[in-house]
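Listed below, chain by chain, are the residues.
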Amino acid sequence: MIACTLLTGPFYAAAQNKTKSSKKPLVVFVTGDHEYSSEATMPLIAAELEKNYGMRTIVLKSSPDHNSEENIPGLEALKDADLAVFFLRWRRLPEDQLKYIDDYLKSGKPVMGFRTTTHAFNFPAGHPSEKWNAFGEFALGAPPGWGKSGHTHYGHNSTTDVSVIAAEAKHPILTGVPQQFHAVSWLYHVIPDYPSKGSTWLLMGKSVNPDKPAKDNPVAWTWKTAAGGRTFMTTLGHPQDFKEEGLQRLVINAVHWTLSLPVPKKWAGKIDMDVPYREP
């Protein structure tokens, strides 16, 4: 079974019926960004989870295309999700769609996030849903939006050297992840106020060729939501990052860990991922 894209009610109803008859965990990916091709990278991760790791997946996409900021059909799938994975950037979803996300977070189920999900929403000042601009903070222990608490990056001509934080080298999520690897993503600045209190830092990033004086910043961490849901967040996510086998393994491990499942001891092998980057 391959990962599917859920767009309308009938598709969800069919998926819901299958979910009820299956003991396999259901992972729902919620995508929508202008820049990083999440609508193409996340289905490849989803397909791998189904093919080699015994999971069911649903991939939701902004409609009618990735630049559409006000509609992600099928979010009702979150009612049955065992894990929600978000890769969003500056969405303005209607209240009825936000409610599915809100209900999911309040359920205490686990959450994963990639890169621009630190600024998943961008409602104007005074809008009834303005509080959602802080989604990165209350869902992932990340800064509450772009520019908040000094959240920035070190320039599109920079890249990032990533290394395992020695104190957490034996963390299950880091199983099989190399001690060092290189990422095309320009480093996000999130310190000193984030990741949020109670987080566990797993990977540290060092900016290469930064456009301003740079400090090392964590690029992957775990946390817990207010409702107790296990959280994994990484500020990596450039489509070229996903060609790195170490990052692929990190993500597969994190899916298992957030679901409170044993991290696979046997790696199914490198995933074929070659997705282009889009200039925003």
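Residues numbered from 1 in each chain as written. Predicted model: local features only at pLDDT ≥ 70, side-chain atom pairs only at ≥ 80, totals over all residues. Heavy atoms only, no water.

Enquirer: Explain the overall build of the protein chain to me, and be specific about the residues and the numbers.
Expert: Helix and strand counts for the protein chain come out as 5 helices and 12 strands. By the compact-globule yardstick of 19 Å for 280 residues, the protein chain fits well, its C-alpha radius of gyration being 17 Å. For the protein chain, the spread of C-alpha atoms along the three principal axes comes to 50 × 50 × 35 Å. For the protein chain, long-range pairs separated by at least 24 residues make up 73% of all intrachain contacts whose partners lie at least 6 apart in sequence. Carbon and sulfur atoms provide 52% of the accessible area of the protein chain, an area that totals close to 11,800 Å². (Helix = DSSP H or I, 4+ residues; strand = E, 2+ residues; numbered from the N terminus. Rg over C-alpha atoms; globule rule 2.2 N^0.38 Å. Contact = heavy atoms within 4.5 Å. Areas by Shrake-Rupley, 256 points an atom, 1.4 Å probe, with all protein chains shown as cover.)

Enquirer: Can you break down unusual backbone geometry residue by residue, with the values?
Expert: Of note, the amide linkage connecting Ser 63 to Pro 64 takes the cis form, showing an omega dihedral of 10°. Position of Pro 64 relative to the elements: it lies in the loop between strand E3 (56-60) and strand E4 (83-88). Of note, Ser 37 is a non-glycine position whose phi angle comes to about 55°, a positive value. Looking at where Ser 37 falls in the secondary structure, it is placed in the loop between strand E2 (26-32) and helix H2 (38-52). If you check the backbone angles, Asn 209 has positive phi at about 60° while not being a glycine. Topologically, Asn 209 is positioned in the loop between strand E10 (200-208) and strand E11 (217-224).

Enquirer: Kindly report on the pattern of salt bridges, identifying the contributing residues and their values.
Expert: For side chains of opposite charge, pairing can occur when their charged atoms come near one another. Enumeration according to the criterion identifies 9 salt bridges in this entry. One salt bridge in this structure joins Lys 206 and Asp 216, with 3.9 Å as the shortest N-O distance. Here Lys 206, found in strand E10, pairs with Asp 216, found in the loop between E10 and E11; they are 10 residues apart in sequence, far enough to count as distant. Taking the relative accessible area as the measure of exposure, Lys 206 reaches 46% and is therefore partly exposed. Three or more residues joined by partner-sharing salt bridges are found here, namely Glu 69, Glu 70 and Arg 92. (Salt bridge = Lys/Arg side-chain N within 4 Å of Asp/Glu carboxyl O. Buried < 20%, exposed > 50% of the residue type's maximum accessible area, 1.4 Å probe, protein only.)

Enquirer: For helix H3 (residues 95-106), give the residues involved together with the corresponding values.
Expert: An ideal rise of 1.5 Å per residue puts 16 Å on 12 residues; H3 measures up with 16 Å between its terminal C-alpha atoms. Three or more residues of H3 are buried, namely Gln 97, Leu 98, Ile 101, Tyr 104 and Leu 105. Along H3, the residues classed as buried sweep out an arc of 115° about the axis, all on the same side. More than 90 degrees from the buried face of H3, the exposed residues found are Glu 95, Asp 96 and Lys 106. (Expected span 1.5 Å × (residues − 1). Arc of directions from axis to C-beta.)

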